[in-house]
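Geometric and topological summary
The lines below spell out each chain.
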Amino acid sequence: MSNEAKSALLAIGLPFAGVLGGIVVLSGSTAAVFGVPILFAWLFLWMPLTSLCLHLAWKLFDRKDFEAAERAESAAAGSGIGEQS
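The structure presented is a predicted model; accordingly, all values stated were derived computationally and were not measured.

A few words on the overall build of the protein chain. The helix and strand tally for the protein chain stands at two helices and two strands. Counting from the amino terminus, the protein chain carries its helices and strands in the arrangement α-β-β-α. Relative to the compact-globule value of 12 Å for 85 residues, the protein chain shows a C-alpha radius of gyration of 21 Å, a clear excess of over 25%. Its C-alpha atoms put the protein chain at 70 × 30 × 15 Å along the principal axes.

For the α-helix, the turn length of 3.6 residues means that residues three or four positions removed from each other point alike. Taking 1.5 Å per residue, 24 residues should reach 34 Å; helix 1 (residues 3-26) reaches 33 Å between its end C-alpha atoms and fits that length. L9 marks the point of greatest bend in helix 1, at about 35°. Taken together, the buried positions of helix 1 are occupied by S7, L10, A11, P15, G18, G22 and L26. Residues of helix 1 that are buried sit in contact with helix 2 (38-78).

This model, assessed by the stated rule, comprises two aromatic pairs. With a centroid separation of 6.1 Å and 70° between ring planes, the pair formed by W42 and W46 is classed as edge-to-face. Of the two residues, W42 and W46 are both situated in helix 2; the distance of four residues between them amounts to about one turn of the helix. For W46, a relative accessible area of 10% puts it in the buried group.

About the criteria used
Residues numbered from 1 in each chain as written. Predicted model: local features only at pLDDT ≥ 70, side-chain atom pairs only at ≥ 80, totals over all residues. Heavy atoms only, no water. Helix = DSSP H or I, 4+ residues; strand = E, 2+ residues; numbered from the N terminus. Rg over C-alpha atoms; globule rule 2.2 N^0.38 Å. Expected span 1.5 Å × (residues − 1). Bend = angle between axes of the 7 residues up to and from the residue. Buried < 20%, exposed > 50% of the residue type's maximum accessible area, 1.4 Å probe, protein only. Contact = heavy atoms within 4.5 Å. Phe/Tyr/Trp six-rings, centres within 6.5 Å; stacked < 30°, edge-to-face > 60°.

What follows is the structure, encoded as structure tokens:
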């Protein structure tokens, strides 16, 4: 599996599965967390968890490629490519 696929699976697939799975499993529940129905608490929990998944996907899979592209762009700019006289 490529790094792009792993990154997409972590950043998009995991939050999608978490939210959708929670809706399916918790839709009939009458339990509450601090007075809020557990389904809403589950959905609100996935807001920061989605940000965490995006952060982990960046750190684990995407950052190295981005930094390599930035170095290549910087080297190209430093060697005089694109300079006007």
